[in-house]
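Below are the chains, spelled out letter by letter.
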Amino acid sequence: IISLAIGFVFKAFLLNPIILGCQSLFLNADERPADLKDLGNGFKNQYIKNVGTLFLRDLFVFLWSLLFIIPGIIKLYEYRMMPYLIAENPSMTHQEAFKKSKEMMMGNKWDAFVLDLSFIGWFILNSLTCGILGLFYVNPYYFATDANLYRAIKMGGSTGFVSSNPALNQQPTTEQPMPEQ
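Quick caveat: nothing in here was measured; it's all calculated off a predicted structure.

## Overview of the nonpolar core
- With 28 residues, the main nonpolar core has Met81, Tyr84, Leu85, Met104, Leu149, Tyr150 and Ile153 as its most contacted residues.
- Elements that contribute at least two residues to this core include exactly helix H1 (2-28), helix H3 (47-65), helix H5 (82-88), helix H6 (94-105), helix H7 (109-117) and helix H9 (132-156).
- For this core, the leading source of residues is H9, giving 6 residues.
- Once residues lying within four places of it in the same chain are set aside, the contact partners of Met104 are Met81, Leu85, Tyr150, Ile153 and Lys154.

Dropping the structure here:
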């Protein structure tokens, strides 16, 4: 129990802000050149509030996991967009982050799961290299892909896969009307 508590504290106060900074870096990399200063965003912008919000997320996922693991996995995917929402809107409350992440992932959890399955080979190679491959290639690749997933869902709900929500499967038309002569 003590090691579990130490792990939660370590993750809450150190790892979650670092992950928040990584996600901020990849979120901003589309708009401007990547700046390593973004890695510190998790520690700069409302640190205690962000730590509390992400700690609550981890706690809820853990508690849901006590119900035969599957509910915890579902909640993990439901709360997946919270760090991106916090990175974009540091003043967002934890209630708003939970609600918005849940709304964004409605109908997209399966697509995100399939996306994660596509990384299994990379994660196996990463473990065979004792994390070295992850440090230089796999983790940046995964974070960039995850940031693009966030952007795709935010911009219209389409993740590139066929969604279980039929309303999200409709593609916008790009045809323009013919000019009259």
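## A few points about the packing of aromatic side chains
- Within the structure shown, the criterion is met by 17 aromatic pairs.
- Here Phe8 and Phe62 contribute two aromatic rings whose centre-to-centre distance is 5.6 Å and whose plane-to-plane angle is 80 degrees, an arrangement assigned as edge-to-face. Of the two residues, Phe8 sits in helix H1 while Phe62 sits in helix H3, which places them 54 residues apart along the sequence.
- Judged by relative accessible area, Phe8 falls into the buried class, the value being 17%.
- For Phe62, a relative accessible area of 30% gives the class partly exposed.

## Details of the side chain of Arg151
- Within the secondary structure, Arg151 sits in helix H9.
- A distance of 2.9 Å separates a polar atom in the side chain of Arg151 from the backbone oxygen of Leu27.
- With residues near it in sequence (within four places) discarded, Arg151 still touches Phe26, Leu27 and Asp30.

## Details of the layout of surface pockets
- Its volume calculated, the largest pocket comes out at about 410 Å³.
- The wall of the largest pocket is formed by 14 residues, among which Gln23, Arg57, Leu76, Arg80 and Tyr142 lie closest to the centre.
- Elements supplying a minimum of two residues to the lining of the largest pocket: H1, H3, helix H4 (70-78) and H9.
- When the residues that make up the lining of the largest pocket are grouped by side-chain class, the tally is 7 nonpolar, 1 polar and 6 charged.

## A few points about a nonpolar patch on the surface
- Where nonpolar side chains cluster on the molecular surface, the patch consists of Phe10, Leu14, Leu15, Ile18 and Phe43 and spans about 400 Å² of accessible area.
- At 4 residues, the largest contribution of residues to the nonpolar patch is made by H1.
- Considering the arrangement of structural elements, one finds Phe10 in helix H1.
- Overall, the relative accessible area of 45% leaves Phe10 in the partly exposed class.

## Let's talk about the packing of H1 against H9
- Relative to each other, H1 and H9 sit at 65 degrees, their axes nearing to 9 Å. As the angle between them shows, H1 and H9 are arranged roughly perpendicular. The crossing of H1 and H9 is right-handed. Listed contacts from H9 to Ile19, Cys22, Gln23, Phe26 and Leu27 of H1 are Pro140, Phe143, Ala144, Asp146, Ala147, Tyr150 and Arg151.
- Broken down by class, the residue content of the contact of H1 with H9 amounts to 9 nonpolar, 1 polar and 2 charged.

About the thresholds
Residues numbered from 1 in each chain as written. Predicted model: local features only at pLDDT ≥ 70, side-chain atom pairs only at ≥ 80, totals over all residues. Heavy atoms only, no water. Core = buried A, V, L, I, M, F, W, Y, C linked by side-chain atoms within 4.5 Å. Buried < 20%, exposed > 50% of the residue type's maximum accessible area, 1.4 Å probe, protein only. Helix = DSSP H or I, 4+ residues; strand = E, 2+ residues; numbered from the N terminus. Contact = heavy atoms within 4.5 Å. Phe/Tyr/Trp six-rings, centres within 6.5 Å; stacked < 30°, edge-to-face > 60°. Polar contact = N/O pair within 3.5 Å; in protein donor to acceptor, adjacent residues only side chain to side chain. 1 Å grid on protein atoms, 1.4 Å probe; cavity = no way out; pocket = protein on both sides within 12 Å on 5 of 7 lines; lining within 4 Å. Points joined across faces, edges and corners; volume = space filled by probe spheres on them. Nonpolar A, V, L, I, M, F, W, Y, C, P; charged D, E, K, R; others polar. Patch = residues over 30% accessible without salt bridge, like charges linked within 9 Å, V, L, I, M, F, W, Y side chains within 5 Å. Areas by Shrake-Rupley, 256 points an atom, 1.4 Å probe, with all protein chains shown as cover. Salt bridge = Lys/Arg side-chain N within 4 Å of Asp/Glu carboxyl O. Axes fitted to C-alpha atoms, helices over the stretch in contact; angles between N-to-C directions. Parallel < 35°, antiparallel > 145°, perpendicular 65-115°, else oblique. Left-handed = near helix turned anticlockwise from the far one by under 90°.

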